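Take a look at the letters that make up each chain.
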Amino acid sequence: MITMEDIIREGNPTLREVAHEVTVPLSDEDIKLGQDMMEFLKNSQDPVKAEELGLRGGVGLAAPQLDISKRIIAVHVPNGDLENPEPTLSAVMYNPKILSHSVQDACLGEGEGCLSVDREVPGYVVRHNKITLSYIDTDGVKQKIRLKNYEAIVVQHEIDHLNGVMFYDHINPENPYALKDGVLVIE
Ligand SMILES: CNC(=O)c1cccc(C)c1Nc1nc(N2CCN(c3ccccc3Cl)CC2)nc(N2CSC[C@H]2C(=O)NC)n1
Ligand code: NI
């Protein structure tokens, strides 16, 4: 089971590497890794388990954060509405690739956090508001989906990890809250 000790922190060179595509058919090892990553996210969002295991809450995780330089991400975005347990997006994605994106940009009004960054880095992280994404799922089937708003932000943050990019690389050092016209601020 993955816990915070398995998550490498900024300064570890693996976070700055470009990760390698996984081979298809998926190996049992890569399938198990994806399942373990998804389990971590769910545990991290469960108040009892997160407390018990000392987990920071996350909605996304990338294999390089486990010091594994493979193009694997897991995302588990809960529905804001507590009555509705259905997550808005829950997937393990192998070799995810952004095929196209909107002209419209967006950012989280509260900025971004990262499980590999043990500090607050304030500022807007401007990303694409909508993306068309392809990836291979746990069954080895190629999927093509469209995402927008928070789900699109999360997936772009995790794909950045596969390319050695950290969220604060996108923050304007002169003015962290500078915004060009038309950027959607997601609250
Ligand atoms: C500096 N200000 C901030 O961090 C920040 C501050 C306020 C609001 C937001 C929205 C912020 N931003 C931000 N909050 C999150 N979470 C909110 C808490 N949540 C969570 C925590 C506990 C249980 C269940 C859950 Cl659901 C987990 C997810 N996650 C991300 N990111 C950036 S994209 C990948 C994603 C990620 O998983 N990071 C670890 N950013
Ligand atoms: Ni991160």
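Note that this is a predicted model, so its numbers are computed, not measured.

**Q** Would you explain helix α3 (residues 149-162) in this entry?
**A** In an α-helix, one turn spans 3.6 residues, which is why side chains three or four residues apart end up on the same side. Between its terminal C-alpha atoms α3 stretches 21 Å, which fits the 20 Å expected from 14 residues at 1.5 Å a residue. Extensive coverage of α3 is indicated by the burial of twelve of its 14 residues. Within α3 the residues assigned to the buried category are Glu-151, Ala-152, Ile-153, Val-154, Val-155, Gln-156, His-157, Glu-158, Ile-159, Asp-160, His-161 and Leu-162. Downstream of α3 by a residue or two, Gly-164 has a phi angle that is positive, lying close to 75 degrees.

**Q** Looking at this model, I keep getting lost on the packing of aromatic side chains. Mind explaining?
**A** Think of a pair of aromatic rings as described by two things: how far the centres are apart, and how the planes are tilted against each other in angle. A complete count under the given rule lists two aromatic pairs for this structure. Seen from their ring centres, Tyr-124 and Tyr-177 are 5.0 Å apart, and the 90 degrees between their planes marks the pair as edge-to-face. Residue Tyr-124 is located in the loop between β4 (105-108) and β5 (127-128), and its partner Tyr-177 is located in the loop between α3 and β8 (184-186); the two are separated by 53 residues in the primary sequence. Residue classification places Tyr-124 among the buried residues on the basis of a relative accessible area of 17%. When the ring of Phe-167 is compared with that of Tyr-168, the centres are 5.4 Å apart and the planes differ by 70 degrees; the resulting orientation is edge-to-face. For Phe-167, a relative accessible area of 3% translates into the label buried. Taking relative accessible area as the criterion, Tyr-168 reaches 18% and is therefore assigned buried. One cation-aromatic arrangement involves Arg-119 over Tyr-168; the distance from NZ or CZ to the ring centre is 4.9 Å.

**Q** What is the right way to look at the environment of Glu-10 in this model?
**A** As for its position among the elements, Glu-10 is in the segment before α1 (28-44). Look past the residues within four positions of Glu-10 in its chain and what remains in contact with it is Leu-15, Ser-116, Val-117, Asp-118, Arg-119, Met-166 and Tyr-168. Within the local environment of Glu-10, its side chain forms a polar contact with the side chain of Tyr-168, the two groups lying 2.5 Å apart.

**Q** Explain the coordination of the nickel ion (ligand 2) to me, please; I cannot follow it from the model alone.
**A** By definition of the ideal shapes, four donors in a tetrahedron about a metal sit 109.5 degrees apart, and six donors in an octahedron sit 90 or 180 degrees apart. Within the first shell, the nickel ion (ligand 2) binds the protein through Cys-114 (SG), His-157 (NE2) and His-161 (NE2), at distances of 2.1 to 2.3 Å. The motif formed by the donor residues of the nickel ion (ligand 2), counted along the single chain, is C-x42-H-x3-H. With a gap of 43 residues between them, Cys-114 in the loop between β4 and β5 and His-157 in helix α3 connect regions that are remote in the sequence. Taken as a pair, Cys-114 and His-157 share a single burial class, namely buried.

**Q** Honestly, the sheet that holds β4 in this entry has me stumped. Any pointers?
**A** Within a sheet, neighbouring strands are paired by backbone hydrogen bonds and run either parallel or antiparallel to one another. Strands sit in the order β5-β4-β8 across an open sheet of three strands; the sheet is mixed. Bordering the open sheet on either side are β5 and β8, each of which pairs with just one other strand. Pairing of β4 with β8 involves three bridges; the strand directions are parallel. Looking at β8, one finds that Ala-106 is bridged to Leu-184.

**Q** What is the right way to read the sheet that holds strand β3 (residues 89-101) from this model?
**A** Pairing within the open sheet is antiparallel, and its five strands lie in the order β1-β2-β3-β6-β7. Here the strands that pair on one side only, and so sit at the sheet edges, are β1 (60-62) and β7 (142-148). Averaged over all pairs of adjacent strands, the angle between strand axes in this sheet comes to 40 degrees, irrespective of strand direction. Note that β1 and strand β2 (residues 72-77) share three bridges and pair antiparallel. Among the inter-strand pairings, Ala-62 is bridged to a residue of β2, identified as Ile-73. Where α1 meets the sheet, it contacts β1, β2 and β3, and its direction lies at approximately 30 degrees from that of β2. Against the sheet, α3 engages β1, β2, β3, β6 (130-136) and β7, with an angle of about 155 degrees to β2.

Procedures and definitions
Chains are numbered independently. Their residues run from 1 in the order of the written sequence. The naming scheme follows written order: chains are lettered A onward, ligands numbered 1 onward. The predicted nature of this model means local features are confined to residues of pLDDT at least 70 and side-chain atom pairs, given and counted, to a pLDDT of 80 or more, with totals for whole chains, interfaces and linings taken over all residues. The side-chain numbers reported here are obtained from all heavy atoms of the structure, hydrogens and water having been left aside. Helix and strand labels come from DSSP, where a helix needs a run of H or I of at least four residues and a strand needs a run of E of at least two; each type is numbered from the N terminus. One fewer than the residue count of a helix, multiplied by 1.5 Å, yields its expected span. To sort residues, take the accessible area from a 1.4 Å probe on protein chains only and compare it with the maximum for the residue type: under 20% means buried, over 50% means exposed, and anything in between is partly exposed. Here a pair means two rings of Phe, Tyr or Trp (six-membered ring of Trp) with centres within 6.5 Å. Their orientation is stacked below 30 degrees between planes, edge-to-face above 60, and tilted elsewhere. Criterion for a charge above a ring: Lys NZ or Arg CZ within 6 Å of the ring centre, and within 35 degrees of the ring normal. Pairs of residues are marked as contacts when any of their non-hydrogen atoms sit within 4.5 Å. Whenever a nitrogen or oxygen atom comes within 3.5 Å of another N or O atom, the pair is scored as a polar contact, on the condition that within protein one atom can donate a hydrogen and the other can accept it, and that pairs from neighbouring residues in sequence are kept only if both atoms are in side chains. Note that water is not among the atoms considered, so a metal site may appear incomplete; the donors listed are N, O and S atoms within 2.8 Å of the metal, with 3.2 Å applied to Na, K and Ca. The pairing criterion is simple: DSSP has to find at least two bridges between the two strands. Fitted lines through C-alpha atoms give the axes, limited to the stretch in contact for helices. The angle between two N-to-C directions lies from 0 to 180 degrees.

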